[in-house]
Amino acid sequence: MHFDLTEEQSLIAETARKLAADRLAPLAETLDHGGGREAFLENLKVLAENGFMGLNVRADYGGTEAGTLAFALSVEALGLACASTGVTVSVTNMVGEVIQAVGNEAQRAAYLPKLTDGTYAAGGFCLTEAGAGSDPAGMKTRAVKDGDSYILNGAKLYITSAEYAGVFVVWAVTDPAAPKGKGISCFLVEAGTPGLIIGKAEKKMGQTGSATNEVLFQDCRVPASALLGHENQGFRVAVGELAGGRIGIAALSLGIARAAMSAAKAYVKERQQFGAPLSDMQGIQWMIADRETELEAARLLILQAAWLKDQGRPFAREASMAKLFASEAAQKATYTALQLHGGAGYIKDYPLERYARDARITTIYEGTSEIQRLIIAREVLKGI
């Protein structure tokens, strides 16, 4: 396997690191404390202007057309500085890829440029419901055909960027008599559409700078042209896009973990106990060695999944492996880093407690660790 990045991939990764250091990192603590929304939105605009909101979108729609590997490298770099910004970029890229993959020419031309140039601050991915999280096929939101329109009713939960998304990709049941998962369709719903209501903002443990809201549909009428792809075939779109989204969350997990371990390594080099730096102690060294090995393994899993996707080859199993391993490794890394700081790690003057809180959700969203294990086992056993 060839591990060298192309010149374009290296340039994109370096640009992401620079923007993250210059713009995202200085704002991360303020966002975590509930402030800085205007500056956050300005950063999203700057990221869009630099091509990060359409990394796998074709150039004729304003995208970077750089591929999944560049996307993974970028999200890792952004997540290292600010997880709230990193997840916003990851989800917006997912929305763009859905529209590009199954949208018609009119839909692509109408929405993709607005996502990629920052006209829309973000995109919304409306799949999860209160009773349909790990089992999205059990959704209850309905879309009923009414002449040349559809009327949507229902509620979606935990929707990233809902407060400032310009367009939502929404899944709803269009044929309730069909077998489970077979009568679901996908729609594009613009922000501001009558009947689309942004509900309460969730008070989260981590990634607090990224808005997460309930999204309600109350007799929300959309034209038939809002149907994305074919009627009753939307569920396979969701399943396919979730696999790609897991690469983004794996990369985000790795970025958070690397930030935590970088802080920990610097701290143990400086902190003196028993007349020597903590870094001289074998027990400390072994903790660092274990975590760094796990993060390098996570990186390789992520790059493999991204490479397979870029090659047009099956990648669902590898994406689940990357997401499972990276998100679980991030839990270990952030808590090890906090432990290496001792009491200081528990104090908000240091960023360790924020890293630990930001990392915690990565084992849950885009499919829990338990769901990833089910997917991996199913794929592994399929060929037996």
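Thresholds, definitions, all that
- Starting from 1, residues in each chain are numbered consecutively following that chain's sequence as written.
- At least 70 in pLDDT is required for a residue's local features to be given in this predicted model, at least 80 for side-chain atom pairs to be given and counted, and no such filter applies to totals for whole chains, interfaces and linings, which use all residues.
- With hydrogens and water excluded, all non-hydrogen atoms of the structure serve as input to the side-chain values.
- Patch definition: residues above 30% relative accessible area lacking any salt bridge, with like charges linked at up to 9 Å and the nonpolar side chains Val, Leu, Ile, Met, Phe, Trp and Tyr linked at up to 5 Å.
- Note on areas: Shrake-Rupley, 1.4 Å probe, and residue coverage restricted to the protein chains presented here.
- A pairing counts as a salt bridge when a side-chain nitrogen of Lys or Arg comes within 4 Å of a carboxyl oxygen of Asp or Glu.
- Under the DSSP-based scheme used, a helix requires at least four consecutive residues in state H or I and a strand at least two consecutive residues in state E, with every element numbered from the N terminus.
- Boundary definitions for the domains trace back to an automatic or database domain assignment.
- What makes two residues a contact is simply this: any of their non-hydrogen atoms within 4.5 Å.
- We define buried area as the total accessible area lost by two parts upon association, computed with a 1.4 Å probe and summed across both.

Let's talk about a nonpolar patch on the surface
A cluster of nonpolar side chains, Y346, I347 and Y350, forms an exposed patch at the surface whose accessible area comes to about 350 Å². Structurally, the position occupied by Y350 is in the loop between α8 (316-340) and α9 (352-360).

Details of the domain arrangement of the protein
In many reports, interface size means the accessible area that the parts give up when they come together. Looking at the protein, the domain boundaries give domain 1 (7-120), domain 2 (125-231) and domain 3 (241-382). Each of domain 1 and domain 3 has a C-alpha centre, and these two points are 21 Å apart. Taken residue by residue, the interface counts 22 residues in domain 1 and 25 residues in domain 3. Of the roughly 1900 Å² buried between domain 1 and domain 3 on both sides combined, carbon and sulfur atoms contribute 63%. The largest contributions to the domain 1 side of the interface with domain 3 come from T68, E76 and M94, which together make up 27% of the buried area. The tally of links from domain 1 across to domain 3 stands at 3 salt bridges. Measuring nitrogen to oxygen at the nearest pair gives 2.7 Å for the salt bridge that ties D32 to R357.

Let's talk about the pattern of salt bridges
What the rule picks out here adds up to 20 salt bridges. A salt bridge links E294 to K332, with the nearest nitrogen and oxygen atoms 3.6 Å apart. Note that E294 is positioned in helix α7 (residues 282-310) and K332 in helix α8, a separation of 38 residues in sequence. Each of the salt bridges in this network shares a partner with another, and the network as a whole consists of E76, R258, E296 and R299.

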